[in-house]
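The residues making up each chain are set out below.
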Amino acid sequence: MSDPLLRVERVSKSYGDEQVLREISFEMDRGDVTVLIGPSGSGKSTMLRCVNRLTEVDSGEIYLDGERVTGPDVDVNELRRQVGMVFQDFNLFAHLTARGNVMLGPRQVLGLSKEEARRRADEQLALVGLADQADSYPAELSGGQKQRVGIARALAMEPKLMLFDEPTSALDPELIGEVLEVMRDLVERGMTMLVVTHEMSFARSVASEIMFLDGGRIVERGPPEQLFERPEHDRTATFLRRITQLHS
Ligand SMILES: Nc1ncnc2c1ncn2[C@@H]1O[C@H](COP(=O)(O)OP(=O)(O)O)[C@@H](O)[C@H]1O
Ligand SMILES: [Mg+2]
C-alpha cells in the first residue's frame, strides 16, 4: 500500500483570536479531485495555502507523497515545485508575454535551458488552447485566457498536485467555461487536484470528494451525489441552496 499523495493531519491555524482552521484532517490519493466548498471566511484559502507553505500551520502536519511539508527544515522551493497553485487573480507578470510567464519557473527554478523552457512553455500553452497567444502580453488577453496562462505556468513545473483557489471567481460569466474546460481536461489526464470553487455543476461532475468547510471545520464530506442530494447537516443544505441560487 502506498502513501496517499496528500495527507493533512489535524491542522489548526489562528490569526490573533480567530481560529481559522480547526483540526482539519483529510487525505487525497493520486488522481483524486477534492473540492472544498464553504462560505466566505470559512478557511478554504488558508487550507490551500498551508499545503504549499504560503501560510504556516500552528499545529498539525501535512505530508506530500510521504514527505513532511510542515516543519522548519523543509525545502520550500522544492515543495512549491511539486505543488502548483492557481489563484483567483492570475498573478501574471505584466511585463512578460504568456510564453515568458510560463517559461519563468522552468528557467529559474528547474534550471532548464532557454530552448528547453521555451519548448515546455509552448507545449503547456498548446494544452490550454493558447498556442497562438504565446507572444501576447497579459493586457492583451481576456481574463479566461490569462487564467489559462496561469494554469499552463503551474503545469510547466510538472507538479504532483495542483491547488486551485477560486480560479473562475474573477471572470466574467462568459469566460468561466473555457477555464473549467481546461480543468476538466486536466482531471482526465489524471492530475491530482485540490480545488476551491463555487461552480457546483463543475464540482459535481469532476469531484471524487466534496468537503464543506464552515468556521474552520469540515462540517461534512462525501462523494458529490451524497453531498448534493442528501446533505446530512442543515448548514450544508443551506449553503448549497444559497450558492446554487447565486450561480444559476
Ligand atoms: N493573513 C491573514 N491575516 C489575518 N487574518 C487572515 C489572514 N488570512 C485570512 N485571514 C482570516 O481568516 C479567515 C479565513 O480566511 P480564508 O481562508 O481566506 O477564507 P475563505 O477562503 O474560505 O474565504 C477570514 O476571517 C480571514 O479574514
Ligand atoms: Mg478564499
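Residues numbered from 1 in each chain as written. Chains lettered and ligands numbered in written order. Predicted model: local features only at pLDDT ≥ 70, side-chain atom pairs only at ≥ 80, totals over all residues. Heavy atoms only, no water.

## Notes on the pairing of strand β8 (residues 192-196)
This is how it is decided: When a residue's accessible area, from a 1.4 Å probe over protein chains only, is under 20% of the maximum for its type it is buried; when over 50% it is exposed; and in between it is partly exposed. For helices the rule is a DSSP run of H or I covering at least 4 residues; for strands it is a run of E covering at least 2, with both sets numbered from the N terminus onward. Two strands are counted as paired when DSSP detects at least two bridges linking them. A crossover gets the label right-handed when its path from the first strand over the helix to the second runs clockwise, viewed with the strands pointing away from the viewer.
With five of five residues buried, β8 is to be regarded as a mostly interior element. Where strand β7 (residues 161-165) meets β8, five bridges bridge the pair, whose relative direction is parallel. Following the sheet pairing, Met162 is matched in β8 by Met193. Handedness of the crossover is the feature at issue here: the chain leaves β7, passes through helix α6 (residues 173-188), returns alongside β8, and the resulting connection is right-handed.

## What to know about the site of ligand 1
As a reminder, the rule being used: We call a residue near a molecule or strand as soon as one heavy atom of that residue lies within 4 Å of the molecule or strand. We define a polar contact as two N or O atoms separated by no more than 3.5 Å, with the added condition that, inside protein, one atom must be a possible hydrogen donor and the other a possible acceptor, whereas residues neighbouring each other in sequence contribute only through side-chain atom pairs. In this description, accessible areas are obtained by the Shrake-Rupley approach with a 1.4 Å probe, and a residue is regarded as covered only by the protein chains that are shown. Polar here means any residue other than Ala, Val, Leu, Ile, Met, Phe, Trp, Tyr, Cys and Pro, which are nonpolar, and Asp, Glu, Lys and Arg, which are charged; Gly is therefore polar.
The environment of ligand 1 is made up of Tyr15, Glu18, Val20, Pro39, Ser40, Gly41, Ser42, Gly43, Lys44, Ser45 and Thr46. Ser42 is positioned with one of its backbone polar atoms (N or O) 3.1 Å from an oxygen atom of ligand 1. For ligand 1, the accessible surface in isolation is 560 Å², of which the surrounding protein chains cover 59%. The set of elements that each furnish at least two residues to the shell around ligand 1 consists of β2 (18-28) and α1 (44-51). Each residue belonging to the shell around ligand 1 can be placed in one class, and the counts come to three nonpolar, six polar and two charged.

## Section: the nonpolar core
What counts here: For the purposes of this section, nonpolar cores are sets of buried Ala, Val, Leu, Ile, Met, Phe, Trp, Tyr and Cys residues that join through side-chain atoms within 4.5 Å. When checking whether two residues touch, look at their non-hydrogen atoms; a contact exists if any pair is within 4.5 Å.
Grouped together as the largest cluster of nonpolar side chains are 50 residues, with contacts concentrated most on Ile37, Ile151, Met162, Phe164, Met183 and Met193. In terms of residues, this core owes the most to one element, α6, which gives eight residues. With sequence-adjacent residues up to four places away left out, Ile37 is seen in contact with Lys44, Thr197, Met200, Ile210, Met211, Phe212, Leu213, Leu227, Phe239 and Leu240. Counting 27 residues, the second-largest nonpolar core is a separate cluster that includes Met47, Val51, Ile62 and Val83.

## Here we look at unusual backbone geometry
Notably, Arg10 is not glycine yet its phi reads approximately 50°, a positive angle. A residue is classified by how much of its surface remains accessible, and Arg10, at 52% relative accessible area, is exposed. Residue Arg53 is not a glycine yet carries a positive backbone phi of 65°. By the element assignment, Arg53 lies in the loop between α1 and β4 (59-64). Since its relative accessible area comes to 9%, Arg53 is described here as buried.

## Quick word on the pattern of salt bridges
For the record, the criterion: We define a salt bridge as a side-chain nitrogen of Lys or Arg found within 4 Å of a carboxyl oxygen belonging to Asp or Glu.
A full pass over the atoms with the stated rule returns 16 salt bridges. A salt bridge links Glu61 to Arg68; its shortest N-O distance comes to 3.3 Å. A residue is classified by how much of its surface remains accessible, and Glu61, at 23% relative accessible area, is partly exposed. Residue classification places Arg68 among the partly exposed positions, given a relative accessible area of 39%. A cluster of three or more residues bridged by salt bridges with shared partners is formed by Asp3, Arg7 and Glu9.

Everything listed is a geometric property; what it means functionally is a separate question.
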